[in-house]
Number of protein chains: 2
Amino acid sequence: MTTESKTLQKYVIIVAGGSGTRMGNDIPKQFLLVAGKPVLMHTIECFYKYDNKINIVLVLPKSQQTYWSVLAKKYKFNINHTIVDGGNERFHSVLNGLGAIKTDNAVIGIHDGVRPLVSIETIARTYNTAIEAGSAIPVIDVTESIRVVEGNISKAVDRSKYKMVQTPQVFKSEILFAAYKQPYLAQFTDDAGVVERAGNSINLVEGNVENIKITRPMDLIIAQALLGK
Amino acid sequence: MTTESKTLQKYVIIVAGGSGTRMGNDIPKQFLLVAGKPVLMHTIECFYKYDNKINIVLVLPKSQQTYWSVLAKKYKFNINHTIVDGGNERFHSVLNGLGAIKTDNAVIGIHDGVRPLVSIETIARTYNTAIEAGSAIPVIDVTESIRVVEGNISKAVDRSKYKMVQTPQVFKSEILFAAYKQPYLAQFTDDAGVVERAGNSINLVEGNVENIKITRPMDLIIAQALLGK
């Protein structure tokens, strides 16, 4: 083994599986135009700006890959990335992404394709902490009152005990590969949940409030306002 | 008693106590300009559009009342409203607002002055449900994964069981007056918490996702984008 092969390599798996139905729009939300180009190009650029040597794996439904290559040509998008097929659930999409990573000495982030507003600082905090401590996910405070609902009853809870979870969720490769050997469970809403279920603790780092997930029509207006500045 | 005096009267107490420090700005956030006028004017207009007969009580720190009257003149703002002094905590501000309501046959909403994007539909839903059932608060789904933090440990929770709480929070006057006779507790982060603590159940109605609370610099950019459309 050479010294080079021992160096910890950085990866990001960008999961872009959205079909666009929630937006009331025929175009999948990752392809919607914001500040002059598709959302997904903004997202990929965030990671390239953080580290232009990072290995980028893009998980995209097979049916969208031709359209993506047309867009890449049209917008002269030339950041190098590997494309793999999306799966039925997010879990399976991530699993497909992991299949494209052949080294066992890596730190791997998983990021939503529709979060084009992640800051370089948030990316750096998550990767740095994961390199040191095995895992890191970005979180922000809950700014509204929240209530927990059980059947017909709801009650106020202490919001200072809660955090909203963002991406990238970053893990050392051995932790992530082991966790994704588990069978899929419907309760897996994010990667931290998968890794936690496998018996690992999750480290929280500060996210950035702008790092919204574009899912509703309003989010597109917000993204336009923030990216168009 | 005449028939007219028996008619249920509608009130809204608009609480505008912010000092602007969280915005990194010297101007209190309720006075910041969005889409051509101060945030607070947009907010008051929402209730006037819902019902131009609604009684509007504006709770404003004494130190800001002269500035407000200057702004009202400058922007030719002529929606009728009663001004009362703000208190130390939101609880005390609401208490002062209640002091300006002399009828015992009312339905009273309490709304954040810095929520200028509440929809007419959200206002109507909360007042209609409160008139029928005594209380109503608008809530929306949690769209991000959330975690509960206890000391150094955090764990994923089922976000489908949680709701984010907005305003207006609306109650029949007898319920609200009785609840606000309780001594102040630091855990009272909203009016539903006060009313619930007094032994009442809280009805949830659907809010609107645009109904954000302007607290961070990003929120002002969002409000500008949404109100400026």
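Shown above is the structure to which this text applies.
This write-up is about the structure you can find in this document.

Rules behind the numbers
- Residues numbered from 1 in each chain as written.
- Chains lettered and ligands numbered in written order.
- Predicted model: local features only at pLDDT ≥ 70, side-chain atom pairs only at ≥ 80, totals over all residues.
- Heavy atoms only, no water.
- Contact = heavy atoms within 4.5 Å.
- Buried area = accessible area lost by both parts, 1.4 Å probe.
- Salt bridge = Lys/Arg side-chain N within 4 Å of Asp/Glu carboxyl O.
- Polar contact = N/O pair within 3.5 Å; in protein donor to acceptor, adjacent residues only side chain to side chain.
- Helix = DSSP H or I, 4+ residues; strand = E, 2+ residues; numbered from the N terminus.
- Nonpolar A, V, L, I, M, F, W, Y, C, P; charged D, E, K, R; others polar.
- Least-squares fit on C-alpha atoms with pLDDT ≥ 70 in both.
- Buried < 20%, exposed > 50% of the residue type's maximum accessible area, 1.4 Å probe, protein only.

So, on to the interface of chain B and chain A. Note: interface size is frequently given as the accessible area lost on complex formation between the parts. Each side of the interface is counted separately: chain B has 35 residues, and chain A has 35 residues. Of the roughly 3,400 Å² buried between chain B and chain A on both sides combined, carbon and sulfur atoms contribute 62%. Ranking the residues of chain B by area buried against chain A places Glu-144, Arg-147 and Met-218 of chain B at the top, with a combined share of 20%. For the interface between chain B and chain A, the tally reads four salt bridges. A salt bridge links Arg-115 of chain A to Glu-144 of chain B; its shortest N-O distance comes to 2.6 Å. The interface formed by chain B and chain A holds 13 residue pairs in polar contact (both at pLDDT 80 or more) in total. Of all the secondary-structure elements, those providing two or more residues to the side of chain B that touches chain A are β8 (145–150), β9 (153–157), β10 (162–165), α7 (191–197) and α8 (217–227) of chain B. The element best represented in the side of chain B that touches chain A is β8 of chain B, accounting for six residues. Of the residues belonging to the side of chain B that touches chain A, the class tally is 18 nonpolar, four polar and 13 charged.

Superposing chain B onto chain A takes a rotation of 180° plus a shift of 0.0 Å along the axis, which leaves an RMSD of 0.0 Å. Given the turn and translation reported, the copies of this chain are related as if by a two-fold rotation axis. Closest approach to the rotation axis among the C-alpha atoms of chain B is made by Ile-222 of chain B, whose C-alpha sits 2.7 Å away. Most of the interface of chain B is mirrored in chain A, where 100% of its interface residues again form contacts.

It is worth spelling out the pattern of salt bridges at this point. Taken as a whole and assessed by the stated rule, the structure comprises 22 salt bridges over all chains. Taking the shortest distance from any N to any O, the salt bridge between Arg-90 of chain A and Asp-112 of chain A comes out at 2.6 Å. Here Asp-112 of chain A lies in strand β6 (residues 106–112) and Arg-90 of chain A lies in helix α4 (residues 90–99), a separation of 22 residues in the sequence. Accessibility expressed as a relative area gives 23% for Arg-90 of chain A, which makes it partly exposed. Of the charged contacts, one joins Arg-90 of chain B and Asp-191 of chain B as a salt bridge, the two residues approaching to 2.8 Å between their closest N and O atoms. Of the two residues, Arg-90 of chain B sits in helix α4 (residues 90–99) while Asp-191 of chain B sits in helix α7, which places them 101 residues apart along the sequence. Salt bridges sharing partners connect three or more residues here, namely Arg-90, Asp-112, Arg-115, Asp-191 and Lys-213 of chain A together with Glu-144 of chain B.

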